[in-house]
Amino acid sequence: LGKAAGLDNSSLYRHFPSKSALAHAVLDRVTDELLAVIAPTLGAARTPSLDVLADAAAAIGLHLFDHPDVARVLMHWTLSAGDAGASVSVSVDARDKRRPAGRFVALVGDWLARGARAGALRRHASPDALVVLIGAVVLRPATRGHLLASHEPKQSAAAARSAWERELRATVRGAFQR
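These numbers come from a predicted model, not from an experiment. Each chain has its residues counted from 1, running along the sequence as written. The model is predicted, so local features are restricted to residues of pLDDT at least 70 and side-chain atom pairs to those at 80 or more, both for listing and for counting; the totals for chains, interfaces and linings are taken over all residues. Side-chain numbers here rest on the full set of heavy atoms in the structure, without hydrogens or water.

*Asks:* How would you sum up helix 2 (residues 19-44)? Please name residues and give values.
*Replies:* In this text, helices come from DSSP runs of H or I with a minimum length of four residues, and strands from runs of E with a minimum of two, each type numbered from the N-terminal end. Multiply 1.5 Å by the residue count of a helix minus one, and that product is the helix's expected span. Here helix 2 is 26 residues long and its end C-alpha atoms lie 38 Å apart, about the 38 Å a rise of 1.5 Å per residue gives. Helix geometry: helix 2 is bent most strongly at Ile38, by close to 40 degrees, with proline Pro40 lying one to four residues after it. Between buried and exposed lies partly exposed: a residue is buried under 20% and exposed over 50% of the maximum accessible area for its type, with that area taken using a 1.4 Å probe on protein chains only. Listing the buried residues of helix 2 in full gives Leu22, Ala23, His24, Leu27, Val30, Thr31, Leu34, Leu35, Ile38 and Leu42. One axis is fitted to the seven residues ending at the residue and one to the seven starting there. The bend at that residue is the angle between these axes.

*Asks:* Provide a residue-level description of the packing of helix 2 against helix 3 (residues 50-66), including the pertinent values.
*Replies:* What describes two packed helices is the angle between their axes and the distance between those same axes. Orientation is described by lines fitted to C-alpha atoms, with helices fitted over the stretch in contact, and by angles between N-to-C directions that extend from 0 to 180 degrees. The contact between helix 2 and helix 3 brings their axes to 9 Å, and the two run at 155 degrees. For the element pair helix 2 / helix 3, the angle class is roughly antiparallel. Handedness of the helix 2/helix 3 crossing: right-handed. Contacts between helix 2 and helix 3 involve Glu33, Leu34, Val37, Ile38, Thr41 and Leu42 on the former and, on the latter, Val52, Asp55, Ala56, Ala59, Ile60, His63 and Leu64. Considering only residue class, the contact of helix 2 with helix 3 consists of nine nonpolar, two polar and two charged. When an angle is under 35 degrees it counts as roughly parallel; over 145 it counts as roughly antiparallel; between 65 and 115 it counts as roughly perpendicular; any other value is oblique. Crossings are classed by handedness, with left-handed meaning an anticlockwise turn of the near helix from the far one by less than a right angle and right-handed meaning a clockwise turn. The criterion used for residue contact is that any of the two residues' heavy atoms lie within 4.5 Å. Side-chain classes are defined by residue name, with Ala, Val, Leu, Ile, Met, Phe, Trp, Tyr, Cys and Pro counting as nonpolar, Asp, Glu, Lys and Arg as charged, and the others, Gly among them, as polar.

*Asks:* So what about the packing of helix 3 against helix 7 (residues 157-176)? Which residues, and what values?
*Replies:* In contact at an axis separation of 9 Å, helix 3 and helix 7 are set at 145 degrees when each is read in the N-to-C sense. For the pair helix 3 and helix 7, the crossing hand works out as right-handed. Contacts from Leu50, Asp51, Leu53, Ala54, Asp55, Ala57, Ala58, Gly61, Leu62, Phe65 and Asp66 in helix 3 reach Ala157, Ala160, Arg161, Trp164, Glu165, Leu168, Arg169, Val172, Arg173 and Phe176 in helix 7. Tallied by class, residues from the contact of helix 3 with helix 7 come to 13 nonpolar, one polar and seven charged.

*Asks:* Residue-level account of helix 3, with values.
*Replies:* In this model helix 3 runs 24 Å from its N-terminal to its C-terminal C-alpha over 17 residues, within 8% of the 24 Å that 1.5 Å per residue would give. Across the 17 residues of helix 3, 13 count as buried, placing the element largely inside the fold.

*Asks:* Explain the pattern of salt bridges to me, and be specific about the residues and the numbers.
*Replies:* We count a salt bridge whenever a side-chain nitrogen from Lys or Arg sits within 4 Å of a carboxyl oxygen from Asp or Glu. Inspection of every chain in the model, using the stated rule, returns six salt bridges. When the shortest N-O distance is used, the salt bridge between Arg169 and Asp55 registers 2.7 Å. Within this pair, whereas Arg169 is found in helix 7, its partner Asp55 is found in helix 3, the two being separated by 114 residues in sequence. The exposure class assigned to Arg169 is partly exposed, which follows from its relative accessible area of 25%. The partly exposed category is assigned to Asp55, whose relative accessible area is 35%. Overlapping salt bridges, with partners in common, bring together Asp55, Glu165 and Arg169 in one network.

*Asks:* Break down the side chain of His63 for me, with residues and values.
*Replies:* Tracing the backbone shows His63 in helix 3. The residues contacting His63, other than those within four sequence positions of it, are Glu33, Leu34 and Val37.

*Asks:* Can you tell me about the nonpolar core, naming the residues and giving the values?
*Replies:* Side chains that are nonpolar tend, in soluble globular proteins, to be buried together. Buried Ala, Val, Leu, Ile, Met, Phe, Trp, Tyr and Cys residues that are joined via side-chain atoms within 4.5 Å together make up what is termed a nonpolar core. Counting residues in hydrophobic clusters, the biggest one holds 37 residues, and the most contacted among them are Leu64, Leu74, Trp111, Val172 and Phe176. Broken down by secondary-structure element, the contributors of at least two residues to this core are helix 2, helix 3, helix 4 (68-80), helix 5 (100-117), helix 6 (128-143) and helix 7. Ranked by the residues each element gives to this core, the list is headed by helix 3, at 10 residues. Ignoring anything within four residues of it in the chain, the contact list for Val172 reads Leu50, Leu53, Ala54, Ala57, Leu133 and Gln177.

*Asks:* Can you break down the side chain of Thr31 residue by residue, with the values?
*Replies:* With respect to the helices and strands, the residue Thr31 is situated in helix 2. With a relative accessible area of 4%, Thr31 lands in the buried category. Of note is the side chain of Thr31, whose polar atom sits 3.2 Å from the backbone oxygen of Asp28. Pairing of N or O atoms within 3.5 Å defines a polar contact, subject to two protein rules: one partner must be a possible hydrogen donor and the other a possible acceptor, and residues neighboring in sequence count only if both atoms are side-chain atoms.

Have a look at this one:
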């Protein structure tokens, strides 16, 4: 990693005392990016609505489509969190609002709860719905051109991006429409 960054390992470890610290810094950065993408959409909406939620999901999904490396970092984090055999621990408590991941989950979770209380969104029995939605938004960009290549038609990047946005909006409507 140091070689790829143009540093020797001693320089790298001067900034990050361990691989876990480096992994946490990367995770904080990508979740900060997602907060910057979603906060204007959710924060500007005085009243929660299905349209605003679809806009927010599309904004995140398109950001991840444009930056598949970020989607892969998030996918790795979600799949390796709590894995005792993982060589690098990237487990972050998503309820810890001091960390970007916790602030992201709190923003979206609170917004969804407000929407359900206002009757604008379907109330789910558990917070698992948020996890499923986040997983759906992250999986496709993280695997585009790899895992799902055999299922994706040969199309231009612009056409694939537009199709992805339509799919995201339809998924949100299906999951949260009253």
